[in-house]
Amino acid sequence: MSTQQNINKEEWKKKIMEALTQVYDPEIPVDIVNLGLIYELKISDEGDVYVRMGLTAPGCPVVDDLIYTVEQVIKETVPAKSVDVDIDLDTPWNPLKMTPEGRERFKQLYGYDIVEMWIQTYGLPEGQDQQDQKA
């Protein structure tokens, strides 16, 4: 590409994360951002977008649909040169990854705090990896 694109990575990240709040997990009616399923979001100087995301269940039967939807939402949001969505099966999801908004939405839907229940059942993992929810 001979013409250098002027890509504002922070602006793109903000737009992408905002757009991805319209993509919902098929089993839990909370969006993938507030569930904490976006583990990493990278944007290259050339406009390539890379997303590493998790699943609420490793055997998710609609993983291909979810990947396709995330790719399409990104393509509709920013003029990305390419979009690569990688499913991370090595980093299991748990409710501790949820944003405060996601946790509150879950409480409204189901009437209980999934994070409190998780901690009571499993405890806090040693060295709990508090990932940056903004990816």
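Source: prediction; values computed, not measured.

(A) Region of the structure containing the packing of aromatic side chains. Inspection of every chain in the model, using the stated rule, returns 3 aromatic pairs. Summarising the aromatic geometry, the rings of Phe 106 and Tyr 112 are spaced 5.4 Å apart at their centres and angled 85° between planes, so their arrangement reads as edge-to-face. With relative accessibility at 33%, the residue Tyr 112 sits in the partly exposed group. Grouping aromatic residues by their ring pairs yields a cluster made of Phe 106, Tyr 110 and Tyr 112. Across the ring face of Tyr 39, the terminal group of Lys 97 is positioned such that the distance to the ring centre comes to 5.1 Å.

(B) Expanded view of the packing of helix 1 (residues 9-20) against helix 2 (residues 63-77). Between helix 1 and helix 2, the shortest axis-to-axis distance is 9 Å and the interhelical angle comes to 135°. Classified by the angle their axes make, helix 1 and helix 2 are oblique. When you trace helix 1 past helix 2, the crossing you get is right-handed. Of the residues in helix 2, those in contact with Lys 15, Ile 16, Ala 19 and Leu 20 of helix 1 are Val 70, Val 73, Ile 74 and Thr 77. Residues belonging to the contact of helix 1 with helix 2 are distributed by class as follows: 6 nonpolar, 1 polar and 1 charged.

(C) Just the sheet that holds strand 2 (residues 48-53), in detail. One open sheet accounts for 3 strands, arranged 1-2-3; its pairing is mixed. Across the chains shown, the open sheet's two edge strands, defined by having one partner strand only, are strand 1 (38-43) and strand 3 (82-87). Neighbour to neighbour, the strand axes of the sheet diverge by 10° on average, direction disregarded. With 5 bridges connecting them, strand 1 and strand 2 associate as antiparallel partners. The residue bridging Ile 38 from the neighbouring strand is Met 53, located in strand 2. The sheet contacts of helix 1 involve strand 1 and strand 2, and relative to strand 1 the element is tilted by about 145°. Here helix 2 sits on the sheet and contacts strand 2 and strand 3; the angle it forms with strand 3, its principal contact strand, is near 150°.

Criteria and cut-off values
- Residues numbered from 1 in each chain as written.
- Predicted model: local features only at pLDDT ≥ 70, side-chain atom pairs only at ≥ 80, totals over all residues.
- Heavy atoms only, no water.
- Phe/Tyr/Trp six-rings, centres within 6.5 Å; stacked < 30°, edge-to-face > 60°.
- Buried < 20%, exposed > 50% of the residue type's maximum accessible area, 1.4 Å probe, protein only.
- Lys NZ or Arg CZ within 6 Å of the ring centre and 35° of its normal.
- Axes fitted to C-alpha atoms, helices over the stretch in contact; angles between N-to-C directions.
- Helix = DSSP H or I, 4+ residues; strand = E, 2+ residues; numbered from the N terminus.
- Parallel < 35°, antiparallel > 145°, perpendicular 65-115°, else oblique.
- Left-handed = near helix turned anticlockwise from the far one by under 90°.
- Contact = heavy atoms within 4.5 Å.
- Nonpolar A, V, L, I, M, F, W, Y, C, P; charged D, E, K, R; others polar.
- Pairing = 2+ DSSP bridges.

Treat this as a map of the structure, not an account of what it does.
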